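Close look at the chain arrangement
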Amino acid sequence: SSDLIQMLKKIVALLLSILLLIGLIGCSAGAQELKQTEQSEQTAKPAQKAPAEDAFAGTIVTMMISQANYQDEYQQIMDKIEEDTGIKVDLQVLPDDQYFDAVNVKLSTGEVPDIMMNTIPQRYAAVNAAENCVVLNDQPWVSRMVNAGTVKDEEGNIYGMPLASSGSAMGVAYNKEILRQAGYENPNPQTWDEFVDILEAVKQKCPGVTPIFMSDADTWTTQVFIDTGLSVALGEKGTEVYKKVVNNEIKMADIPEYKQILENFKSLYDNGYVNADHLSATYDMGNEAVATGKAAIYNIPDFGVIVMATLTDPDNIGIFTIPYGDRIGMASSVGLTGFMIPKEAKNMEAALKVLDLMSQPDYLNIYYAAHPGNPAFEDVDCGDVLPCIKETIQKYVGGDLTYVEMNGQLAAFSPVQTEWWNYYVELTMGAKTVDEVIAAVDTKNADYMRSLGQEGW
């Protein structure tokens, strides 16, 4: 009996061992089958690739831009690019009076940023884009452009990605309430004398208000009066006159309208219509002065009007044009703010990616929400364009009363145009006479063209 019990225990133990072994074999087979199934699924489904931009995560792309063109929204766009892709864009903001010289120096030394802001296509020649910059014809954003032809060179190549589809309209922005106090509900001067009458009325009827603000610390604003004025004064003959200057058939001294514009410009200072601190005043100060009623008028392109309108009630800002040489019209810039990539860029592929991202609605809408205008790309929202700008464009562009600015027509001299601007400031100081300014401009132009070995010079 005890022997039988012992025998039964051994049999039970043996059976349990057999069952355990069978269970282990089954688990092993199941695991193997699961592994094979997973491998089969992985073979059937292609591996998911990381987003293309991830390849540039951690890359630092340098972007050089002038102070006048910089807006806070650029940094917001770059922050979003970094958040979305890991690409960090280092914005390098340079003073306006140093910017274009710095561009040329960097290109000549090869110590270039990955992206550089430039006025396109106006300054393609100044930087020798065909030699120094990447052709962008095949970039994905080109097919979305409103008008790609605006930034092509004579060979049909694109060297810069623009933000806008058209150039700036040039007029004077004014504070409606101030001019209303001066007796002008809807100012629309038809002659130079009528324009001066408006300034005199502000001077007499609005004590403490500057009739016309000048920001000569930012020389690009100083030259707006002359840049726009000459093209309006010349009217339809402007293109022919400018071509003769470029070909050295005539000098600037041979253009009586140029002298007249400079004399009118100087008279604004001589007659006390300009702010006393004009030599230290800046572009930002000009926008703020008109917005707050410290000044009545500021001669600035439409992008300045947009900035001004953010500082006050937009309905209190208006635009009219100065009758230069008693001619009615408006000048517009031929150049657009654009971004170019030097051939020597250290992070070229990442830079190309940044430009493509900047062109996309998710990014560029950030800019146009704050600065409404004419986007270069069809799918980007233009923002809430100011009524006064719409009205001005309809009146002058629609009425065939728009002329291309002097700087754009004389783009052959673009590398030395900043020197002209300095001469204009010297005129405001009394350091040069009108005739001396004109002579200095002609000398600078001749020296530059001869340094290039330009035919006819």
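Residues numbered from 1 in each chain as written. Predicted model: local features only at pLDDT ≥ 70, side-chain atom pairs only at ≥ 80, totals over all residues. Heavy atoms only, no water.

Looking at the sheet that holds strand β2 (residues 88–94)
Put simply, the rule is: By definition, two strands form a pair when at least two bridges between them are found by DSSP. The numbering of helices and of strands both runs from the N terminus, where a helix is a DSSP run of H or I of at least 4 residues and a strand a run of E of at least 2. Note on definitions: a residue-residue contact is assigned when non-hydrogen atoms from the two residues lie within 4.5 Å. Axes, fitted as lines to C-alpha atoms, cover a helix only where it is in contact. Angles between the N-to-C directions of the axes lie from 0 to 180 degrees.
Strand order across the open sheet formed by five strands is β2-β1-β3-β10-β4, with mixed pairing between neighbours. Edge positions in the sheet fall to β2 and β4 (161–162), since each has one partner strand and no second. Summarising the sheet, strand β3 (residues 115–120) and strand β10 (residues 336–340) pair through five bridges and their orientation is antiparallel. Within the sheet, the bridge partner assigned to methionine 116 lies in β10 and is methionine 340. Sheet contacts for helix α2 (residues 72–85): β1 (60–66), β2 and β10; angle to β2, the most-contacted strand, approximately 160°. Of the strands in this sheet, β1, β2, β3, β4 and β10 are in contact with helix α13 (residues 348–359), which crosses β1 at around 60°.

Describing α13
Since the α-helix turns once every 3.6 residues, residues separated by three or four places project in the same direction. Put simply, the test is: One fewer than the residue count of a helix, multiplied by 1.5 Å, yields its expected span. Exposure categories follow from relative accessible area, calculated using a 1.4 Å probe and restricted to protein chains: below 20% of the type maximum is buried, above 50% is exposed, and the middle band is partly exposed.
The terminal C-alpha atoms of α13 lie 17 Å apart, and with 12 residues this matches the ideal 16 Å at 1.5 Å per residue to within 8%. The element α13 is extensively covered by neighbouring structure, given that 10 of its 12 residues are classed as buried. For α13, the set of buried residues is Ala350, Ala351, Leu352, Lys353, Val354, Leu355, Asp356, Leu357, Met358 and Ser359.

Considerations on the packing of α2 against α13
We apply this condition: Here the word oblique covers every angle except those under 35 degrees (roughly parallel), over 145 (roughly antiparallel) and from 65 to 115 (roughly perpendicular). By convention, the crossing between two helices is left-handed when the near helix turns anticlockwise from the far helix through less than a right angle, and right-handed when the turn is clockwise. The classification used treats Ala, Val, Leu, Ile, Met, Phe, Trp, Tyr, Cys and Pro as nonpolar, Asp, Glu, Lys and Arg as charged, and all other residues, Gly among them, as polar.
The contact between α2 and α13 brings their axes to 11 Å, and the two run at 115°. On the basis of their axis angle, the class for α2 and α13 is roughly perpendicular. Where α2 crosses over α13, the two elements pack in a sense that is right-handed. Between α2 and α13, the contacting residues are Ile77, Met78, Ile81 and Thr85 on the first element and Val354, Leu357 and Met358 on the second. Tallied by class, residues from the contact of α2 with α13 come to six nonpolar, one polar and no charged.

Here we look at the nonpolar core
Spelled out, the test is: Each nonpolar core is a collection of buried residues, namely Ala, Val, Leu, Ile, Met, Phe, Trp, Tyr and Cys, held together in the definition by side-chain atoms within 4.5 Å.
With 84 residues, the main nonpolar core has Met252, Tyr258, Leu268, Ile297, Met406 and Tyr424 as its most contacted residues. Broken down by element, the residue count for this core peaks at eight residues, all from helix α18 (residues 434–451). Aside from chain neighbours lying at most four places away, what touches methionine 406 is Ile226, Asp227, Leu230, Ser231, Tyr242, Met252, Tyr258, Trp420 and Tyr424. Ranked by size, the runner-up nonpolar core spans 57 residues in total, among them Met63, Ile65, Ile81 and Tyr159.

Concerning the environment of alanine 369
As for its placement among the helices and strands, alanine 369 is situated in helix α14 (residues 361–370). Taking relative accessible area as the criterion, alanine 369 reaches 62% and is therefore assigned exposed. Separated by 296 residues in the primary sequence, alanine 369 and glutamate 73 have C-alpha atoms spaced 9.3 Å apart.

Some remarks on the pairing of β2
Along any regular strand the residues' side chains alternate between the sheet's two faces. Let me state the cut-off plainly: Looking down the strands as they point away from you, a crossover is right-handed if its path from the first strand over the helix to the second goes clockwise.
Here seven bridges tie β1 to β2, and the two strands are oriented parallel to one another. Directly across from threonine 62, in β2, lies its bridge partner aspartate 90. With α2 bridging β1 and the parallel β2, this β-α-β connection has right-handed handedness.

Topic: the pattern of salt bridges
Working definition: two side chains of opposite charge can pair if their charged atoms are close together. Where we set the bar: One side-chain nitrogen of Lys or Arg within 4 Å of one carboxyl oxygen of Asp or Glu is enough to make a salt bridge.
Within the structure shown, the criterion is met by 11 salt bridges. Note that lysine 80 is salt-bridged to aspartate 84, the shortest N-O span being 3.2 Å. Highlighted residues: lysine 80 and aspartate 84, both in helix α2, separated by four residues, approximately one helical turn. Exposure remark for lysine 80: the relative accessible area of 27% places this residue in the partly exposed category. Among the residues examined, aspartate 84 registers a relative accessible area of 33% and is labelled partly exposed. A salt bridge links glutamate 185 to arginine 180, with the shortest nitrogen-to-oxygen separation between them at 3.2 Å. Counted as one network, the salt bridges with shared partners bring together Glu177, Arg180 and Glu185.

Section: the environment of lysine 444
Relative to the helices and strands, lysine 444 resides in helix α18. A relative accessible area of 26% places lysine 444 in the partly exposed class. Through-space distance from the C-alpha of lysine 444 to that of valine 416 is 7.2 Å; in sequence the pair is 28 residues apart. Apart from the residues within four sequence positions on either side, lysine 444 is in contact with Val416, Glu419 and Tyr423.

Regarding the confidence of the model for the protein chain
Just so we agree on the cut-off: Summary of the metric used: pLDDT quantifies the predictor's per-residue confidence within the range 0 to 100.
Averaged over all residues, the pLDDT of the protein chain equals 87, while 87% of them reach at least 70. A low-confidence stretch, residues 18–53 (pLDDT under 50), is modelled with two contacts involving residues beyond four sequence positions or located in other chains.

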